[in-house]
2 protein chains.
Amino acid sequence: MARRYTVAIAGATGVVGTEMLRTLAARNFPVGKLRLLASARSAGKRLRFAGEDIPVEELTADSFAGVEIALFSAGAARSKEFAPAAVKAGAVVVDNSSAFRMDPDVPLVVPEVNPEKVREHKGIVANPNCSTSILAVPLWPLHRAARIVRIVAATYQAASGAGAGAMAELRRQVREIEEGREANVSVLPQQIAFNLFPHVDVFLPNGYTKEEMKLVHETRKIFGDETIRVTATCVRVPILRAHSEAVNIETERKLSAEEARRILAKAPGVCVVDEPERKRYPMPLTASGRDEVLVGRIREDISQPNGLDLFIAGDQLLKGAALNAVQIAELLIKNG
Amino acid sequence: MARRYTVAIAGATGVVGTEMLRTLAARNFPVGKLRLLASARSAGKRLRFAGEDIPVEELTADSFAGVEIALFSAGAARSKEFAPAAVKAGAVVVDNSSAFRMDPDVPLVVPEVNPEKVREHKGIVANPNCSTSILAVPLWPLHRAARIVRIVAATYQAASGAGAGAMAELRRQVREIEEGREANVSVLPQQIAFNLFPHVDVFLPNGYTKEEMKLVHETRKIFGDETIRVTATCVRVPILRAHSEAVNIETERKLSAEEARRILAKAPGVCVVDEPERKRYPMPLTASGRDEVLVGRIREDISQPNGLDLFIAGDQLLKGAALNAVQIAELLIKNG
């Protein structure tokens, strides 16, 4: 019989944790025992997995005895506090927070891009930020083919990126406005219903947000190329769960739109949706619930000789979080 | 007593026509007689202006006797059909459609940028496309100071850009989804509630949309500089009435963020909203109903030496349409 693993999910009741649970089931991950960990507030709840109701336990430093793979999605502070305990207990941690991503001792992995890096882990493998994973999957095959030298990205990020509370806030505000009441702002920094704002994560001294700088630094680390120049504007939009990005790239070698389309058609994790005359292009509505990152509107940039414009959409909760983490866990067990 | 003018609005019952009416009143435009023109379907309706109920008449080639200024916002086909008749009757036409914008005999005017061009009219002055006006107002003073050589823009365009029907569709779909029903798509090409799509206007053979190419060609014509390189991705978002744009520019001379902010602070038609640490940046919610284009998130682009990133938001119905048209009419009467 195939070996089964004791898996823990830290942050199991969050919106990403819930998707991790679903993704483990959907991909038939060889789960032996499953431990669901969350804050004291959620302890005692039960979540369903493989026909069983599993109790949620409080996440503490003692939660990891016997755990072999710990998927963390409980925020950077909790990862910093509890991931070392999990590693000490013998688990390998796949961490979805920003806590360890730029740590030189921690591999930052998108399985379609740099799966070999998983082998270098010292107990922790980091899962990239959602907008980075979604960008990296389609850009990597283009980078391999023609070397990307510069990326200009503008994002259209769903409420899900800020958690279940933000998704609920979008729905609630829409109702409040429909009923002629004032939209109550509590989770996100601004009203999100019928509004958008260039404010995702905190602002840094250089005028960029942390979210924007994650796109810069994480893309370089995942691609293993510190020379790629990246600028980004990250915008929260009134969408529930998939992120979109308008992307302009400059490559060292000229890529025609046709060649880019051919390369992307064969790329893992990518689905080319690029028949605009038939109204087919990436959209959050069609990307939601799908594992692949959708890519379309592929065209040669008329403003520079070696440029391409594209539009991408990917499920923030899947490729942007839970799916990528479970894929990393699959690499871990494949590597033994 | 000051001279008053006979003004016609062709497309008076549309969402831009209605804003033109409001803008004429709000700016105390010296209206003598006002003629409201629309399709036969709307004839007989009455709209209020300056305390009077004015009947809507059917737009025909005979509508313009005695009209001195005709504001057109009834779509390109009607502009092509009826603007010549208005000119023949002695009116000067300010046309909000795309019909004449790229005609070398027709000035394309943003009053904050090239007001002097109004003098060159031969009966028609064109009003730019909404995303172009909103982009041109803040970029022009930067172009004058440091010469913009390239623009990469990603737009976040409101439903209003597709008319009153699209705004109603967004509201209706939100209700349909809230009530657990299917969102009915009729005006826009895709579901707009909780969705977005990179499809504004029709697709062209080069893979860009007509909307995207308007940004390219119109910006060059308004700035009087055919060398500016522009690429854009235009995206419809579930917002009611203001357009936003994430803009990356490259300038010939290096502009610091501080210098750009100083220049923009003195620029006409611009309001700098750039205190991110106090959660102040441009948003459609705060741009709606305002004459100025809001500019913020001004920062030096870390991906190129002479680059700047900015985020702008402007009311699509005001600076993007009705206000710009009325400002052009004001220039016409100022010039006699």
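Bear in mind that the values here come from a model prediction, so they are computed numbers and not experimental data. (Residues numbered from 1 in each chain as written. Chains lettered and ligands numbered in written order. Predicted model: local features only at pLDDT ≥ 70, side-chain atom pairs only at ≥ 80, totals over all residues. Heavy atoms only, no water.)

1. Considering the nonpolar core
(1) Moving on: With 99 residues, the main nonpolar core has Leu24, Leu34 and Leu71 of chain A together with Leu24, Leu34 and Leu71 of chain B as its most contacted residues.
(2) Moving on: The leading source of residues in this core is helix α8 (residues 318-334) of chain B, at nine residues.
(3) Moving on: If sequence neighbours within four positions are ignored, Leu71 of chain A has contacts with Val7, Ala8, Ile9, Ala10, Met20, Leu24, Val94, Ala325, Val326 and Ala329 of chain A. (Core = buried A, V, L, I, M, F, W, Y, C linked by side-chain atoms within 4.5 Å. Buried < 20%, exposed > 50% of the residue type's maximum accessible area, 1.4 Å probe, protein only. Helix = DSSP H or I, 4+ residues; strand = E, 2+ residues; numbered from the N terminus. Contact = heavy atoms within 4.5 Å.)

2. Structural notes on the layout of surface pockets
(1) Moving on: When its volume is computed, the largest pocket comes out at roughly 1200 Å³.
(2) Moving on: Counting only elements with at least two residues in the lining of the largest pocket, the list comes to α1 (15-26), α2 (76-88), α5 (210-223) and α8 of chain B.
(3) Moving on: Looking at the lining of the largest pocket, its residues break down into 16 nonpolar, 19 polar and nine charged.
(4) Moving on: Shared between two domains, the lining of the largest pocket holds at least three residues of each, these being domain 1 (5-128 + 321-334) and domain 2 (132-316) of chain B.
(5) Moving on: Of the voids in this model, the second largest pocket is the one considered here, and its volume is about 790 Å³.
(6) Moving on: Forming the boundary of the second largest pocket are 36 residues, of which Gly75, Ser160, Gly161, Ala162 and Gly163 of chain A lie nearest the centre.
(7) Moving on: Residue assignment for the lining of the second largest pocket shows that the elements contributing at least two residues are α1 (15-26), α4 (164-178), α5 (210-223) and α8 (318-334) of chain A.
(8) Moving on: Looking at the lining of the second largest pocket, its residues break down into 13 nonpolar, 17 polar and six charged. (1 Å grid on protein atoms, 1.4 Å probe; cavity = no way out; pocket = protein on both sides within 12 Å on 5 of 7 lines; lining within 4 Å. Points joined across faces, edges and corners; volume = space filled by probe spheres on them. Nonpolar A, V, L, I, M, F, W, Y, C, P; charged D, E, K, R; others polar. Domains from an automatic or database assignment.)

3. Here's the deal with the interface of chain A and chain B
Quoted interface sizes are often the accessible area lost when the parts come together.
(1) Moving on: Contacts between chain A and chain B engage 58 residues on the former and 57 residues on the latter.
(2) Moving on: Of the roughly 4900 Å² buried between chain A and chain B on both sides combined, carbon and sulfur atoms contribute 60%.
(3) Moving on: For Asp301 of chain B, the salt bridge is made with Arg150 of chain A, and the minimal N-O distance between the two is 2.9 Å.
(4) Moving on: Where chain A meets chain B, there are 43 residue pairs in polar contact (both at pLDDT 80 or more).
(5) Moving on: Top element by residues in the side of chain A that touches chain B is α4 of chain A. It accounts for six residues.
(6) Moving on: Tallied by class, the residues present in the side of chain A that touches chain B amount to 31 nonpolar, 14 polar and 13 charged. (Buried area = accessible area lost by both parts, 1.4 Å probe. Salt bridge = Lys/Arg side-chain N within 4 Å of Asp/Glu carboxyl O. Polar contact = N/O pair within 3.5 Å; in protein donor to acceptor, adjacent residues only side chain to side chain.)

4. Concerning the sheet that holds strand β1 (residues 5-10) of chain A
All names here are of chain A.
(1) Moving on: Across the sheet, which stays open at both edges, the seven strands sit in the order β3-β4-β2-β1-β5-β6-β7 with mixed pairing between neighbours. The open sheet has two edge strands with one neighbour each: β3 (46-49) and β7 (124-126). Mean inter-strand twist for the sheet, computed between neighbouring axes without regard to direction, equals 25 degrees.
(2) Moving on: Strand direction decides the pairing type here: strand β5 (residues 69-72) and strand β6 (residues 92-95), joined by four bridges, are parallel. Across the sheet, residue Ile69 finds its bridge partner in β6, namely Val92.
(3) Moving on: Across the sheet, helix α2 (residues 76-88) lies against β5, β6 and β7, angled at about 180 degrees from β5, the strand it touches most. (Pairing = 2+ DSSP bridges. Axes fitted to C-alpha atoms, helices over the stretch in contact; angles between N-to-C directions.)

5. A word on the confidence of the model for chain A
(1) Moving on: Averaged over chain A, the pLDDT score is 97; the fraction of residues at 70 or greater is 100%.
(2) Moving on: The complex prediction reports pTM at 0.97, with the ipTM value standing at 0.96. (pLDDT = per-residue confidence, 0-100.)

6. Quick notes on the packing of α1 of chain A against α8 of chain A
Residue and element names in this part refer to chain A.
(1) Moving on: Between α1 and α8, the least distance of the axes is 9 Å, while the angle of their chain directions is 50 degrees. What the angle tells us is that α1 and α8 run oblique. Once α1 is placed against α8, the crossing between them reads as right-handed. In contact with Val16, Glu19, Met20, Thr23 and Leu24 of α1, α8 contributes Leu318, Ala321, Ala322, Leu323, Ala325 and Val326.
(2) Moving on: Residues belonging to the contact of α1 with α8 are distributed by class as follows: nine nonpolar, one polar and one charged. (Parallel < 35°, antiparallel > 145°, perpendicular 65-115°, else oblique. Left-handed = near helix turned anticlockwise from the far one by under 90°.)

7. Concerning the environment of Gly336 of chain B
(1) Moving on: For Gly336 of chain B, the position within the fold is in the segment after α8.
(2) Moving on: When the C-alpha positions of Gly336 of chain B and Pro305 of chain B are compared, they lie 46 Å apart, and in sequence the two are 31 residues distant.

8. Topic: the packing of aromatic side chains
(1) Moving on: One pass over the full model with this rule turns up nine aromatic pairs over all chains.
(2) Moving on: Plain terms: the ring middles of Tyr156 of chain A and Phe311 of chain A are 5.8 Å apart, the flat faces sit at 70 degrees to each other, and that makes the pair edge-to-face. Taken together, the positions of Tyr156 of chain A in strand β8 (residues 148-156) and Phe311 of chain A in strand β13 (residues 307-315) put the pair 155 residues apart, joining distant regions of the chain. In terms of burial, Tyr156 of chain A and Phe311 of chain A fall into one category: buried.
(3) Moving on: Every member of this aromatic cluster is reached through a ring pair, and the members are Tyr156 and Phe311 of chain A together with Tyr156 and Phe311 of chain B.
(4) Moving on: Here the guanidinium or amino end of Arg299 of chain A rests over the ring plane of Tyr208 of chain B, the centre of that ring lying 4.5 Å away.
(5) Moving on: Between Arg171 of chain B and the ring centre of Phe194 of chain A, over which it is positioned, the NZ or CZ distance is 5.8 Å. (Phe/Tyr/Trp six-rings, centres within 6.5 Å; stacked < 30°, edge-to-face > 60°. Lys NZ or Arg CZ within 6 Å of the ring centre and 35° of its normal.)

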